[in-house]
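# What the coordinates show
Each chain is listed here by its residues.
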Amino acid sequence: MAHQSMDILSKVLEQTAKVVEEKLDAQMSKLNEIDEDDLERLKERRLEALKKAQKQKQEWLNKGHGEYREISSEKDFFGEVKDSKNVVCHFYKGSTFRCKILDKHLTILAKKHVETKFITLNVDKAPFLTDRLRIKVIPTMCLLIDGKTKDYVVGFTDMGNTDEFSTEMLEWRLGCADVINYSGNLMEPPTGPVRSGTKFTKVEKKTIRGRTYDSDSDSDN
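The rules behind each value
- Residues numbered from 1 in each chain as written.
- Predicted model: local features only at pLDDT ≥ 70, side-chain atom pairs only at ≥ 80, totals over all residues.
- Heavy atoms only, no water.
- Pairing = 2+ DSSP bridges.
- Helix = DSSP H or I, 4+ residues; strand = E, 2+ residues; numbered from the N terminus.
- Axes fitted to C-alpha atoms, helices over the stretch in contact; angles between N-to-C directions.
- Polar contact = N/O pair within 3.5 Å; in protein donor to acceptor, adjacent residues only side chain to side chain.
- Salt bridge = Lys/Arg side-chain N within 4 Å of Asp/Glu carboxyl O.
- Buried < 20%, exposed > 50% of the residue type's maximum accessible area, 1.4 Å probe, protein only.

In a beta sheet, neighbouring strands are held together by backbone hydrogen bonds and run either parallel or antiparallel to one another. With mixed pairing, the 5 strands of this open sheet are ordered in space as β1-β3-β2-β5-β6. Both outer strands of the open sheet, β1 (68-70) and β6 (148-154), are each paired with one neighbouring strand and no more. Going from strand to strand, the sheet's axes swing by 25° on average, the running direction of each strand aside. Bridge analysis of strand β5 (residues 140-145) against β6 gives 6 bridges, and the strand direction is antiparallel. Within β6, the position partnered with L144 by the bridge is T149.

So, in C-alpha cells, the structure goes:
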C-alpha cells in the first residue's frame, strides 16, 4: 500500500515538473521570437513614455510644484487651486509651534511628490476663506482635488497624536486622500518608534480677528 502511494506521488510530481517545464519553454520561445524590429519598437515606446513624463514634470514645475511655498492672500489661494489638479494647503498661524513642525515635513514631501502642489497660508490673511472652509483648529491642512476639497487633516490626530510623527506617516495620510501618488500600503500606516511618555493634544483657545480658533498645541501646565 505504501509502495503504491509512493508511485502515485512520484507520477504527480513528474507531471507537475513537466507542466512547469512546458511553460518555461513557451516563455523562452516567445523571447526568442522577438527580433530586432520588436526591440527597436520597445525602445521607442519606452523613450516616448520618458519624454511624456519629463514634459508633465516640467509643466508641474512651471505651475509652482516641487517646492513648499507661502502664498500671501485668499485671492492667490483660488488661483493656485484652479491651476493644479492636486493641492495641499497648510493653514497656519505664526504663534503655533506645531505649524513649524508641519512645515518641515511638507518641505520634504513637496520635493518628493512633484505631482502635487504644496502651499501654506497664514489664517490672519484669510479670514473669509478660513470661515468658508470651517477651519477651527490650527494647524489644518486642506486637501483639494480638481478644485474641490477632498479631505482635511486637522492637527496631528491622524499622525498618532504626537509631535514626533515621521514624514512617512504624513505621506501615508495624504496618500489615503489620493492627493499624492502613494506607492506604499494604504491599508496600514508605516510603523515607527514611539517614545514613551509622548504628550497628546490639549486644545487651547485663540482668537483671530474676532473668530475663535483652536490651537492644536500642548499645554505647559
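What follows continues from the structure just given.
Inspection of the secondary structure assignment puts H65 in the loop between α2 (36-62) and β1. Sequence spacing of H65 and F118 is 53 residues, and the spatial spacing of their C-alpha atoms is 6.9 Å. Looking at H65, its side chain comes within polar contact range of the side chain of S84, at 2.7 Å. At 2.8 Å, the side chain of H65 and the backbone oxygen of V114 are in polar contact.

Oppositely charged side chains can form a pair if their charged atoms are brought close together. Scanning the model with the defined rule gives 9 salt bridges in all. Note that K117 is salt-bridged to E80, the shortest N-O span being 2.7 Å. Here K117, found in strand β3 (residues 117-122), pairs with E80, found in helix α3 (residues 74-83); they are 37 residues apart in sequence, far enough to count as distant. The burial state of K117 is the same as that of E80; both residues are buried. For E171, the salt bridge is made with K112, and the minimal N-O distance between the two is 2.9 Å. With E171 in helix α6 (residues 167-176) and K112 in helix α4 (residues 97-112), the pair connects residues that are 59 residues apart, well separated along the chain. A relative accessible area of 8% places E171 in the buried class.

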